[in-house]
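Letter by letter, the chains look like this.
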Amino acid sequence: MNKLLKSAAMVATTAAVAVCSLAATAPTALADGSQACTRDDRNRTAFVTDLNAPIHAEPSGSSKVVNYGWKSFSIMCSKPGGSHRWWYGYGGPSRDTRGWIWGAYVTK
């Protein structure tokens, strides 16, 4: 019986370690809205040509507007969107707001 309990404890421990490992290595992109990206464009800065340009929650003109154009936009990634790309990044005075801007509103 002692051997059976040790085996059960080992299986439970192994399962717990496996679950924790998966959680620790899960991608964080799903939490910040960038899951729609198809290309990594980190370390690029774009300049917004229209300070009234909407910054969207998703790469779609019909999605929720989270803010309006920032003078500078730090790009993280992008995806195709018709005649221009959609760029995902952050900006604003405190640099903590993230969202999508349509490529027609930026110069790189």
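Residues numbered from 1 in each chain as written. Predicted model: local features only at pLDDT ≥ 70, side-chain atom pairs only at ≥ 80, totals over all residues. Heavy atoms only, no water.

### Here we look at the pairing of strand β4 (residues 72-81)
At step 1: Where strand β1 (residues 39-48) meets β4, six bridges bridge the pair, whose relative direction is antiparallel. Following the sheet pairing, Ala-46 is matched in β4 by Phe-73.
At step 2: Sheet topology note: the β4/strand β5 (residues 84-91) ladder contains eight bridges and is antiparallel. Counted as the bridge partner of Cys-77 is Tyr-88 from β5. (Pairing = 2+ DSSP bridges. Helix = DSSP H or I, 4+ residues; strand = E, 2+ residues; numbered from the N terminus.)

### What to know about the environment of Lys-108
At step 1: Its location among the elements puts Lys-108 in the segment after β7 (106-107).
At step 2: For Lys-108, a relative accessible area of 52% gives the class exposed.
At step 3: Note: C-alpha distance between Lys-108 and Thr-45 (63 residues apart in sequence) is 6.4 Å.
At step 4: Leave out the neighbours within four places in its chain, and Lys-108 touches Arg-44, Thr-45, Ala-46, Ile-75 and Trp-87. (Buried < 20%, exposed > 50% of the residue type's maximum accessible area, 1.4 Å probe, protein only. Contact = heavy atoms within 4.5 Å.)

### A look at the pattern of salt bridges
When the charged atoms of two side chains with opposite charge come close together, those side chains can pair.
At step 1: This structure, assessed with the given rule, holds three salt bridges.
At step 2: Connected via shared salt-bridge partners are Arg-39, Asp-41 and Arg-44. (Salt bridge = Lys/Arg side-chain N within 4 Å of Asp/Glu carboxyl O.)

### Topic: the state of the cysteines
At step 1: Taken as a whole and judged by the stated rule, the model has one disulfide.
At step 2: Residue pairing for Cys-37: its cysteine sulfur links by disulfide to Cys-77, the two sulfurs lying 1.8 Å apart. Because the sign of the S-S torsion sets the handedness, a value of about 45° for the bond joining Cys-37 and Cys-77 places this disulfide among the right-handed ones. Note that Cys-37 is positioned in the loop between α2 (29-32) and β1 and Cys-77 in strand β4, a separation of 40 residues in sequence. (Disulfide = S-S within 2.5 Å.)

### Re the nonpolar core
At step 1: Ala-46, Val-48, Ala-53, Ile-55, Trp-70, Phe-73, Ile-75, Trp-87, Ile-101 and Val-106 form the largest nonpolar core, which has 10 residues in total.
At step 2: Those elements giving two or more residues to this core turn out to be β1 and β4.
At step 3: Leaving out residues up to four positions away in the same chain, Ile-55 has contacts with Lys-64, Val-65, Val-66, Asn-67, Tyr-68, Gly-69, Trp-70, Phe-73, Gly-99, Trp-100 and Ile-101.
At step 4: Met-76, Cys-77, Trp-86 and Tyr-88 belong to the second-largest nonpolar core, a separate cluster that totals five residues. (Core = buried A, V, L, I, M, F, W, Y, C linked by side-chain atoms within 4.5 Å.)

### Overview of the confidence of the model for the protein chain
At step 1: Model confidence for the protein chain is summarised by a mean pLDDT of 74, while 69% of its residues fall at 70 or above.
At step 2: Element-level pLDDT for the protein chain is lowest in α2, with a mean of 42, against a maximum mean of 93 in strand β2 (residues 54-56). (pLDDT = per-residue confidence, 0-100.)

### Topic: the side chain of Asp-41
At step 1: Position of Asp-41 relative to the elements: it lies in strand β1.
At step 2: The class for Asp-41 is buried, based on a relative accessible area of 4%.
At step 3: One polar contact links Asp-41 to Arg-39, side chain to side chain, over a distance of 3.1 Å.
At step 4: Side chain to side chain, Asp-41 and Ser-78 meet in a polar contact 2.5 Å long.
At step 5: Leave out the neighbours within four places in its chain, and Asp-41 touches Ile-75, Met-76, Cys-77, Ser-78 and Trp-87. (Polar contact = N/O pair within 3.5 Å; in protein donor to acceptor, adjacent residues only side chain to side chain.)

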